[in-house]
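Coordinate analysis (summary)
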Amino acid sequence: MRKRWIYLSAALMLLVGACVGKPMVSGAAPADPVDVTKECSLTVSPVDASDPEKADYLTDMEKTHITLELYKVAGAEEVAGYDTYQFVPESAYEGLGIADYTRLQELTVSDWKALAQDAAKIALAAESVQQPAASEAIEGVADATLTGTDVKAGLYLLVARDTNLTREQYVKTVKVEAADGETGSEQEKLVTIANSAQYEYMFEPQLVALPTKQADADGVISTANPGPWLYEEHVYLKSGREPRYAPLTIVKTLRTYEAVEGTIEPVTFVFRVVATLEGEEVYNEVTSLTFTEPGTGRTTLERIPATATVTVTEIYNGLSYTQSVPSNNGPVVLENISAQPGTENTADFENVYNNTRTHGHGIRNQFVYNEESGGWEWTRDPQQAGRQEGE
């Protein structure tokens, strides 16, 4: 039996695991030619501990709940006269062009990444009813193995996602900058996410072909390499992470209000919000609430680093008002502030009029986070600006 092969870099093989090739001039038939009916397995490590940039992922990732899913993109059939196989795409993936054996030999690493993106968009579409061929939960950072009677030779899409999120929640589109040496504007790519309390982990979809061959002494993987076909593959998840941010709402209740001879004047309460994380100050902001009558007011601050300890202190109360909650003018301290959807992080304050007529008023500065510039921008509170112009 003759062999076909194409040389693939080790990096591409880990990403794709594709075994495609071209005719070789000569070669003896192997003792065990490829068997496309044999069950395969894929062992997945959530983190490559040898990567210095991700060494600190290990401890935090133990706090995530990750499920691995393996979607079948194509089956495999032997190529007559050659010790290799070609892909037979599932019906949903026929538009990917992976059945063209010649075209596969011309694909670059970037092409395979784009192909993985296209496959993921099909598998994870809102209307998709495709079920994974195999699924397994990762316990802590231990390896997980995907196997079963449905995992035979072919091309598979590997997806890692948060066990506790719905598909609408764990599928996300992010912007990426053009790679070095490439031109063009920002592009978008699909990722799937899993959350720890502090970080959002983003996983790129990966295409993996089974079976494969062992790399040679130069790290080159080819279907012509000596040795047996490997029906058990091992890959690492391709991941990155970003800090999670939590909102904080200050709730102020004014029980009684200063009114002298029918004159009502606005009173402003000012708060300082400081957040620390692992001994470092990560947030420091001042905000305010203005009242013209008794009642309850709210103001919400965004982008406070999740899991931080937040101290909210009322630093100005108009002098005519006494803070009654918390007592003794104490601050509100929130430990381990949560970014979990549905969780309310609130700091409650109450004040009463102390029968001392000392007017207090202020203007609230509003800071808006600009996603494009990556910084905070100052604006006047439009309601207060209008009120002052009318005074």
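Reading guide: rules and limits
- Per chain, residues are indexed from 1 in the order of the written sequence.
- Two thresholds apply to this predicted model, a pLDDT of at least 70 for residue-level local features and 80 or more for giving and counting side-chain atom pairs, whereas whole-chain, interface and lining totals are computed over all residues.
- With hydrogens and water stripped out, all remaining heavy atoms of the structure feed into the side-chain values.
- Strand pairing is assigned whenever DSSP detects at least two bridges linking the two strands.
- Each helix is a run of H or I in the DSSP string that is no shorter than four residues. Each strand is a run of E no shorter than two, and both are numbered from the N terminus.
- As a rule, the C-alpha atoms of each element are fitted with a line to give its axis, helices using only the stretch in contact, and angles between N-to-C directions run from 0 to 180 degrees.
- Partly exposed describes any residue whose relative accessible area lies between the buried limit of under 20% and the exposed limit of over 50%, with all areas from a 1.4 Å probe on protein chains only and scaled to the type maximum.
- The contact definition used throughout considers only heavy atoms, calling two residues in contact when any of these lie within 4.5 Å.

**Observations concerning the sheet that holds strand S7 (residues 144–152)**
Spatially, the three strands line up as an open sheet ordered S7-S3-S13, and their pairing is mixed. Every other strand in the sheet has two partners, leaving S7 and strand S13 (232–236) as the edge strands with one partner each. This sheet shows a mean twist of 25 degrees between the axes of neighbouring strands, independent of strand direction. As defined by bridge partners, strand S3 (residues 39–45) adjoins S13 across five bridges and the pair is classed as parallel. Within S13, the position partnered with Ser41 by the bridge is Glu232.

**Quick notes on the environment of Phe349**
Examined against the element boundaries, Phe349 turns out to sit in strand S22 (residues 346–353). Residue classification places Phe349 among the buried positions, given a relative accessible area of 1%. Separated by 20 residues in the primary sequence, Phe349 and Asn329 have C-alpha atoms spaced 9.6 Å apart. Discounting chain neighbours no more than four positions away, the residues touching Phe349 are Ile250, Val251, Lys252, Thr253, Phe271, Val312, Glu314, Gln323, Val325, Pro326, Gly330 and Val332.

**Comments concerning unusual backbone geometry**
Cis peptide bonds are those with omega within 30 degrees of zero, and the linkage from Leu210 to Pro211 qualifies with 0 degrees. Relative to the elements of secondary structure, Pro211 occurs in the loop between strand S12 (206–210) and S13. In this model, Val325 is joined to Pro326 through a cis peptide bond whose omega is -10 degrees. As for its position among the elements, Pro326 is in the loop between strand S20 (321–325) and strand S21 (332–334). A positive phi angle is found at Glu278, which is not glycine, with a value near 55 degrees.

**What about the sheet that holds strand S11 (residues 199–203)?**
Within a sheet, neighbouring strands are paired by backbone hydrogen bonds and run either parallel or antiparallel to one another. Pairing in this open sheet of four strands is antiparallel, and the strands run S9-S10-S11-S14 from one edge to the other. The sheet terminates laterally at strand S9 (171–176) and strand S14 (239–243), the two strands that pair on one side only. Strand-to-strand twist across the sheet, computed as the mean angle between neighbouring axes with direction ignored, equals 40 degrees. With five bridges joining them, S11 and S14 adopt antiparallel strand pairing. The residue of S14 that forms the bridge with Glu200 is Glu242.

Honestly, it's all geometry; don't read function into it.
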